[in-house]
Amino acid sequence: KQEVTQIPAALSVPEGENLVLNCSFTDSAIYNLQWFRQDPGKGLTSLLLIQSSQREQTSGRLNASLDKSSGRSTLYIAASQPGDSATYLCAVLTGGYQKVTFGIGTKLQVIP
Amino acid sequence: EPEVTQTPSHQVTQMGQEVILRCVPISNHLYFYWYRQILGQKVEFLVSFYNNEISEKSEIFDDQFSVERPDGSNFTLKIRSTKLEDSAMYFCASSIQGLGQPQHFGDGTRLSIL
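1. Observations regarding the sheet that holds strand β7 (residues 62-67) of chain A
Residue and element names in this part refer to chain A.
Part 1 of the reasoning: Pairing within the open sheet is antiparallel, and its five strands lie in the order β1-β3-β8-β7-β6. The two strands at the open ends of the sheet, each matched to only one other strand, are β1 (4-7) and β6 (56-59). This sheet shows a mean twist of 15 degrees between the axes of neighbouring strands, independent of strand direction.
Part 2 of the reasoning: By the bridge criterion, six bridges tie strand β3 (residues 19-25) to strand β8 (residues 72-77) in an arrangement that is antiparallel. Bridge assignment links Leu21 to a residue of β8, and that residue is Leu75.

2. Observations regarding the state of the cysteines
Part 1 of the reasoning: Under the criterion given, the structure shown has two disulfides over all chains.
Part 2 of the reasoning: Here Cys23 of chain A pairs with Cys90 of chain A through a disulfide, and the sulfurs are 2.0 Å apart. Because the torsion about its S-S bond is -60 degrees, the bridge between Cys23 of chain A and Cys90 of chain A counts as left-handed. Residue Cys23 of chain A is found in strand β3, and its partner Cys90 of chain A is found in strand β9 (residues 86-94); the two are separated by 67 residues along the sequence.
Part 3 of the reasoning: Classification of Cys90 of chain A as buried rests on a relative accessible area of 0%.
Part 4 of the reasoning: Through a disulfide, Cys23 of chain B is tied to Cys92 of chain B; the S-S separation comes to 1.9 Å.

3. Comments concerning the environment of Ser55 of chain B
Residue and element names in this part refer to chain B.
Part 1 of the reasoning: Here Ser55 lies in strand β6 (residues 53-57).
Part 2 of the reasoning: The partly exposed category is assigned to Ser55, whose relative accessible area is 30%.
Part 3 of the reasoning: Spatially, the C-alpha atoms of Ser55 and Met15 are 29 Å apart, while their sequence positions differ by 40 residues.
Part 4 of the reasoning: Polar side-chain contacts of Ser55 include one of 2.8 Å to the side chain of Ser48.

Cut-offs applied
Residue positions within a chain follow its written sequence, with the count starting from 1. By the order in which they are written, chains take letters starting at A while ligands take numbers starting at 1. Per-residue local features are limited, in this predicted model, to residues with pLDDT of at least 70; the limit for side-chain atom pairs, both in listing and counting, is 80 or more; totals at the level of whole chains, interfaces and linings are taken over all residues. Only hydrogens and water are removed before side-chain values are computed, so all heavy atoms of the structure are retained for them. One requirement defines pairing of two strands: DSSP has to find at least two bridges between them. Secondary structure counts use DSSP, requiring at least four H or I residues in a row for a helix and at least two E residues in a row for a strand, with both numbered from the N terminus. Think of each axis as a best-fit line through the C-alpha atoms, taken over the contacting stretch in the case of a helix, with angles from 0 to 180 degrees between the N-to-C directions. Two cysteine sulfurs form a disulfide in these notes if their separation is within 2.5 Å. Relative accessible area decides the class of each residue, using a 1.4 Å probe on protein chains only: under 20% of the type maximum gives buried, over 50% gives exposed, and in between gives partly exposed. Polar contact is defined as a pair of N or O atoms within 3.5 Å, subject to the rule that within protein one atom must be able to donate a hydrogen and the other to accept it, and that residues adjacent in sequence are counted only when both atoms are side-chain atoms.

Set out below in structure tokens:
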């Protein structure tokens, strides 16, 4: 059974800092890994999707890497801004047909 | 940008009653999903739906739950005989294709069972 863990559970940084969020998964036989952002009371916004054959994906100030063999992914956020404050979720698609397993998320607060 | 819409945003129901949560996926998407998130816990997969049938479901999705695409635009989740532990946020998602494509989520329906 796939398990997804995210560390740290919460993170508070001053504006402008670069930061790294970590995600690990137990079953390396994944199809893809997706990073989401969740704002309070809102749904999930897809940030980046990495296919199992890829090593990284970039979008603006965000860069996600994937090391499938070790069961790890990182989300790098450059030059953090207060608007980045949210919970960041990691989710993997493993076997089955679109069965996605989520981590519990990292709650990020960027202080102005 | 097209988005997934869910109604209602908040549903309050007496225990034992039936509830229907509604979703309008993005119009050209072919795959549809329901997830739930109990307060303070992980988002959990419930079911995926393609070509008018369930393609995968989790162990949570038992006989109490059913899904339907009653017309060309709506996708519904029905929960029969609701229990207190069904209280959660329910998210609908859709994707244009299956494997390898990002899923787009709605803002969710908060279901409160009294």
